[in-house]
Amino acid sequence: MAQTTREGWEAVLATLVAERGDALTRYAYVLCGDPDDAADLVQSGLVATFGRLRNGFAIERAEAYVRRAIASAYIDRGRRSTRWRATAHLHVVPEQIEGPDAATDRRLDLTAELDGLSPRERACVVLRFYGDQKVDDIAADLGISSGAVKRYLSDGLAKLATALTEPGREHHGQLR
């Protein structure tokens, strides 16, 4: 019996990685913006989902579990890095200080602006627009209220719209 159960979850895992592995990696990449971190997030999601012996669910359901685990792992990393950033200046001395015009020299693009969002804002924006999820589904995935999701979406979109709107062009409240 134990051998059959093991073969069942291993088959689901192997099929999931073969058929949906690239999509899961793209999903993680949009969340974190780094290919190496995306691979780590997918690995963490797979371990969290299949770390305990699981059996009896289809590929679609397994993929949903893994996606939720990826989002949770990303949020957890964000919390840890936020704590580190609060004290990092006490530990590290920069080799070189950027000049005031360095910010204007940076190329504005969506990936760079996503990096400027808080982990929850970014997760909500990515799940809403890349994952095409509804507010209630995002709230369930992240374990927060629908109102909090709406607030994170509003704040994140406002930051993105401000950063991505070219000077001189009128802003109409929507990302294009």
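All of these numbers come straight from a predicted model, not from anything done at the bench.

Rules and cut-offs
- Residues numbered from 1 in each chain as written.
- Predicted model: local features only at pLDDT ≥ 70, side-chain atom pairs only at ≥ 80, totals over all residues.
- Heavy atoms only, no water.
- Phe/Tyr/Trp six-rings, centres within 6.5 Å; stacked < 30°, edge-to-face > 60°.
- Lys NZ or Arg CZ within 6 Å of the ring centre and 35° of its normal.
- Helix = DSSP H or I, 4+ residues; strand = E, 2+ residues; numbered from the N terminus.
- pLDDT = per-residue confidence, 0-100.
- Contact = heavy atoms within 4.5 Å.
- Buried < 20%, exposed > 50% of the residue type's maximum accessible area, 1.4 Å probe, protein only.
- Salt bridge = Lys/Arg side-chain N within 4 Å of Asp/Glu carboxyl O.

Attention now goes to the packing of aromatic side chains. Counted by the stated rule, this structure contains one aromatic pair. R67 extends its terminal NZ or CZ atom over the ring of Y27, reaching a point 4.6 Å from the ring centre. Of note, R128 hangs over the ring of F129, and the distance from its end group to the ring centre comes to 5.5 Å.

This next bit is on the environment of W9. Topologically, W9 is positioned in helix α1 (residues 2–32). In sequence terms W9 and R52 are 43 residues apart; their C-alpha atoms lie 9.9 Å from each other.

Let us look at the confidence of the model for the protein. Of the residues in the protein, 69% have a pLDDT of 70 or more, and the chain-wide mean is 79. Mean pLDDT in the protein bottoms out at helix α4 (residues 102–105), which sits at 45, and peaks at helix α7 (residues 135–142), which reaches 94. Throughout residues 102–107 the model reports pLDDT below 50, and contacts reaching past four residues in sequence, or to other chains, amount to two contacts. Across residues 168–176 the pLDDT falls below 50, and counting only partners more than four positions away or on other chains, this stretch makes seven contacts in the model.

Bringing the environment of A11 into the picture now. By the element assignment, A11 lies in helix α1. Assessed through its relative accessible area of 41%, A11 is described here as partly exposed. Linking A11 and I59, residues 48 residues apart in sequence, is a C-alpha distance of 9.7 Å.

A word on the pattern of salt bridges. Close approach of charged atoms allows side chains with opposite charge to pair. Counted under the stated rule, the structure contains five salt bridges. Residue E121 pairs with K159 through a salt bridge whose shortest N-O separation is 2.9 Å. Placement of E121 in helix α6 (residues 119–129) and of K159 in helix α8 (residues 146–164) is noted, with a sequence separation of 38 residues between them. Residue class for E121 comes out buried when judged on its relative accessible area of 5%. When its relative accessible area of 43% is taken as the criterion, K159 is described as partly exposed. Each member of the salt-bridge network shares a partner with another, and the members are R20, E63 and R67.

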